[in-house]
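The primary structure of each chain is shown beneath.
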Amino acid sequence: MRSLLRSLLVLALATRAAAAAFPEEEDVVVLDTKNFDAFISTNPLALVEFYAPWCGHCKELAPKWAEAAAKSKKLDTPVPLAKLDADAHGDLAGRFGVSGYPTLKLFRNGVAEDYSGGREADQIVAALQKIASFVPPSQQAFDKLAYETAGQQVAYAWSGSYSAPPVMPLINGKKPPVPGLLLLDSSGAAKFALAVPRKREEFTPEWIAEWLSAHDVDVKYEEAPPPEEPEPGHGGDGEYPYGDD
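Residues numbered from 1 in each chain as written. Predicted model: local features only at pLDDT ≥ 70, side-chain atom pairs only at ≥ 80, totals over all residues. Heavy atoms only, no water.

Per an unreviewed UniProt entry, the protein chain goes by the name Thioredoxin domain-containing protein and belongs to Emiliania huxleyi. We quote the UniProt Sequence similarities (unreviewed entry) comment for the protein chain here in full: "Belongs to the protein disulfide isomerase family." (UniProt positions renumbered as here; feature names shortened; annotations may be inferred.)

A.B. asks: Could you clarify how one ought to interpret the nonpolar core in this entry?
C.D. replies: In a soluble, globular protein the nonpolar side chains are often hidden away together inside. One finds L47, W65, A68, L81, Y115, I124 and L128 to be the most contacted residues of the largest nonpolar core, which totals 21 residues. Excluding its chain neighbours within four sequence positions, the residues that come into contact with L47 are W65, P80, L81, A82, K105, L106, Y115, I124 and L128. (Core = buried A, V, L, I, M, F, W, Y, C linked by side-chain atoms within 4.5 Å. Buried < 20%, exposed > 50% of the residue type's maximum accessible area, 1.4 Å probe, protein only. Contact = heavy atoms within 4.5 Å.)

A.B. asks: So what exactly am I meant to see when it comes to helix 7 (residues 205–213) here?
C.D. replies: For an α-helix the count is 3.6 residues per turn, leaving residues at separations of three or four pointing the same way. Buried residues of helix 7: P205, I208, A209, W211 and L212, and no others. Buried residues in helix 7, looked at end-on, bunch into an arc of 160°, giving them a common side. (Helix = DSSP H or I, 4+ residues; strand = E, 2+ residues; numbered from the N terminus. Arc of directions from axis to C-beta.)

A.B. asks: What should I look at first to understand the packing of aromatic side chains in this one?
C.D. replies: How two aromatic rings sit relative to each other is given by the distance of their centres and the angle of their planes. Counting across every chain of the model gives seven aromatic pairs. When the centroid spacing of 5.4 Å and the interplanar angle of 90° are considered together, the rings of F22 and F39 count as edge-to-face. Residue F22 is located in the loop between strand 1 (12–14) and strand 2 (24–25), and its partner F39 is located in helix 2 (residues 36–42); the two are separated by 17 residues in the primary sequence. Given a relative accessible area of 1%, F39 falls into the buried group. Ring geometry for F36 and F107: centres 5.8 Å apart, planes at 80°, overall edge-to-face. Linking F36 in helix 2 with F107 in strand 6 (residues 103–108), this pair joins segments that are 71 residues apart in sequence. A relative accessible area of 0% means that F107 is categorised as buried. Three or more aromatic residues link up through ring pairs in this structure, and these residues are F36, F50, F96 and F107. (Phe/Tyr/Trp six-rings, centres within 6.5 Å; stacked < 30°, edge-to-face > 60°.)

A.B. asks: What should I look at first to understand the side chain of T42 in this one?
C.D. replies: The topology assignment puts T42 in helix 2. The class for T42 is buried, based on a relative accessible area of 6%. A polar contact is formed between the side chain of T42 and the backbone oxygen of A38, at a distance of 2.6 Å. (Polar contact = N/O pair within 3.5 Å; in protein donor to acceptor, adjacent residues only side chain to side chain.)

A.B. asks: I keep staring at the pattern of salt bridges and nothing clicks. Help me out?
C.D. replies: Where charged atoms from two side chains of opposite charge come close, those side chains can pair. One pass over the structure, following the stated rule, counts 10 salt bridges. A salt bridge links E25 to K83, with the shortest nitrogen-to-oxygen separation between them at 2.9 Å. One end of the pair, E25, is in strand 2; the other, K83, is in strand 5 (residues 81–85), with 58 residues separating them in the sequence. Judged by its relative accessible area of 45%, E25 is partly exposed. (Salt bridge = Lys/Arg side-chain N within 4 Å of Asp/Glu carboxyl O.)

A.B. asks: What am I meant to see in unusual backbone geometry here?
C.D. replies: What you tend to see is this: most non-glycine residues have negative phi, and most peptide bonds are trans. Omega for the peptide link from Y101 to P102 comes to -10°, which places this bond in the cis form. Tracing the chain through its elements places P102 in the loop between helix 4 (90–95) and strand 6. Backbone geometry places E26, a non-glycine residue, at a positive phi of 50°. Considering the arrangement of structural elements, one finds E26 in the loop between strand 2 and strand 3 (28–31). Of the residues examined, E26 reaches a relative accessible area of 64% and is grouped as exposed. Here the phi dihedral of D27 falls at roughly 75°; this positive angle occurs in a residue that is not glycine.

A.B. asks: How should the pairing of strand 3 be read in this particular structure?
C.D. replies: The two faces of a sheet get side chains in turn, since along a regular strand they alternate between them. As paired elements, strand 2 and strand 3 share two bridges and run antiparallel to each other. Each bridged residue has a counterpart across the sheet, and for E24 the counterpart in strand 3 is V29. Hairpin geometry of strand 2 and strand 3 is characterised by an intervening segment of two residues between the two adjacent antiparallel strands and by a positive phi of about 50° at E26. For strand 3 and strand 5, the ladder comprises three bridges, and the chain directions are parallel. Along strand 5, the bridge assignment pairs L31 with L84. (Pairing = 2+ DSSP bridges.)

A.B. asks: Please explain the side chain of N35 as it appears in this structure.
C.D. replies: Locating N35 in the fold gives a position in the loop between strand 3 and helix 2. Here N35 falls in the buried class, since its relative accessible area comes to 11%. Within the structure, N35 has its side chain in polar contact with the backbone oxygen of V30 (distance 3.2 Å).

So this is what it looks like as structure tokens:
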């Protein structure tokens, strides 16, 4: 999928609605009071560790957390792992009822819930893969496109109902189409809605890019160069390179 997308186009997304780059340590996003809310609002799914530097259990979890973070980036729907020094940012810890360390919280569309899965690296990744599998295909496609071609998420939200959570909000007093994607501005407010097509094959990189371009997102195409023709005797058309192999 990665090579297919890159063969079609290289999509660079830069906008007020695009997520800012968040600092990382060993693939784990490092959070503080300044970037916490922006990170949570940007990522539809995220797993956050509230830890204390002096906590022995936190130190034991650290290498497993880093390993899980690296593996989670390679999922079909990448789910970021983050950490917050709750000792240094007690206000945030209190906000989510954190009283012991490490405490793991799963955030779905900005709403926190307790993570109850295993704490080995593979168990964490398996749990996130299962959770992400319930994300609508349209959201998975959008996440994957933004992540693989731009290396970042675009700030947006997904909804499939006017009554059941997550609820599609009104835009300028009107009901946007459902299911749909909402493009958010830097404050997290919904500005534009994209009706999700019924057929997955219609949800193409070009189609998404055209919509983003029309709504305050700078999308630039860079045509991929045609593949080079292999030289005779160097592996083209079923031939194999000469050598001792």
